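What the coordinates show
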Amino acid sequence: MSGGNRFVRGVMIAVAIIVVLGLSGWSMLLYSDAVIDWWIVPVAASGIGLALSIHMWRLWRPLTWSDSALFNGLCNTVVTAVCLTFAFFALNDMLADDSTRRVETAVVAGHFREEHHRTRRVGRRYVANGEAYYTYKLQLRFADGRTKLVEMPRSSYSRIHNGDSATVVMRDGLFGVSVFDHRNLEFYKGESGKKLLRN
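On to the packing of helix H2 (residues 40–56) against helix H4 (residues 69–94), then. Packing of H2 against H4 leaves a shortest axis separation of 7 Å and a crossing angle of 140°. Taken together, the axis directions place H2 and H4 in an arrangement best described as oblique. Remark: the crossing between H2 and H4 carries right-handed chirality. Facing Val-41, Pro-42, Ala-45, Ser-46, Ile-48, Gly-49, Leu-50, Leu-52, Ser-53 and Met-56 of H2, the residues of H4 in contact are Gly-73, Asn-76, Thr-77, Thr-80, Ala-81, Leu-84, Thr-85, Phe-88 and Phe-89. Partitioned by chemical class, the residues of the contact of H2 with H4 number 11 nonpolar, 8 polar and no charged.

Here it is as structure tokens:
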């Protein structure tokens, strides 16, 4: 393996990793505005990627320099799943039907606080055992039984209680998955209807 080939391969791998991580993060942002269980699209996309791997694993040889059908197939499955998941959420959101815009009311059904740890560098690795921080989420339950977790600032999270209501501006997405803007919610106190805050 010549030095030039090593360099080109290294650049290609770095670009591929950056693209996969970038699309994964973007997909998570788009998912936050979609009313669907988080696992459905990635699982379906992974199934498609796995099926395509039967014929496409050989195409990964120039990048992986491996003849392993298992390893190349895994690479194909992961990249395909990430790309298809991003495409689904992006197209569903961007091409949502504005004529279906409507206001729905949801009830706050739960509060969740999730603990995370900041990463820090140890040698050449990043480990997630740094300072702890928290994210705050509310579970909204719609009239048809669908639920959605929405992340909130701590100041807003502490003012809202189970049983309070939220108005949500919905649109039908391209693929039939409803979308909304999680940053544009209005919350009201229980049955009194007193406005609490606008997220």
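Approximately 840 Å³ is the volume attributed to the largest pocket. Taken together, 25 residues form the lining of the largest pocket, with Met-28, Tyr-31, Ser-32, Trp-38 and Lys-137 sitting closest to its centre. At the level of secondary structure, the elements contributing two or more residues to the lining of the largest pocket comprise helix H1 (3–31), H4, strand S1 (97–117), strand S4 (132–142) and strand S5 (147–152). Looking at the lining of the largest pocket residue by residue, the classes come out as 11 nonpolar, 9 polar and 5 charged. Its boundaries defined by the atoms lining it, the second largest pocket holds a volume of some 250 Å³. What lines the second largest pocket is Arg-9, Ile-13, Ala-16, Ile-17, Val-20, Trp-60, Leu-63, Thr-64, Phe-71, Cys-75, Val-78 and Val-79. With 5 residues, the single largest contributor to the lining of the second largest pocket is H1. Considering only residue class, the lining of the second largest pocket consists of 10 nonpolar, 1 polar and 1 charged.

Conventions we followed
Residues numbered from 1 in each chain as written. Predicted model: local features only at pLDDT ≥ 70, side-chain atom pairs only at ≥ 80, totals over all residues. Heavy atoms only, no water. Axes fitted to C-alpha atoms, helices over the stretch in contact; angles between N-to-C directions. Helix = DSSP H or I, 4+ residues; strand = E, 2+ residues; numbered from the N terminus. Parallel < 35°, antiparallel > 145°, perpendicular 65-115°, else oblique. Left-handed = near helix turned anticlockwise from the far one by under 90°. Contact = heavy atoms within 4.5 Å. Nonpolar A, V, L, I, M, F, W, Y, C, P; charged D, E, K, R; others polar. 1 Å grid on protein atoms, 1.4 Å probe; cavity = no way out; pocket = protein on both sides within 12 Å on 5 of 7 lines; lining within 4 Å. Points joined across faces, edges and corners; volume = space filled by probe spheres on them.

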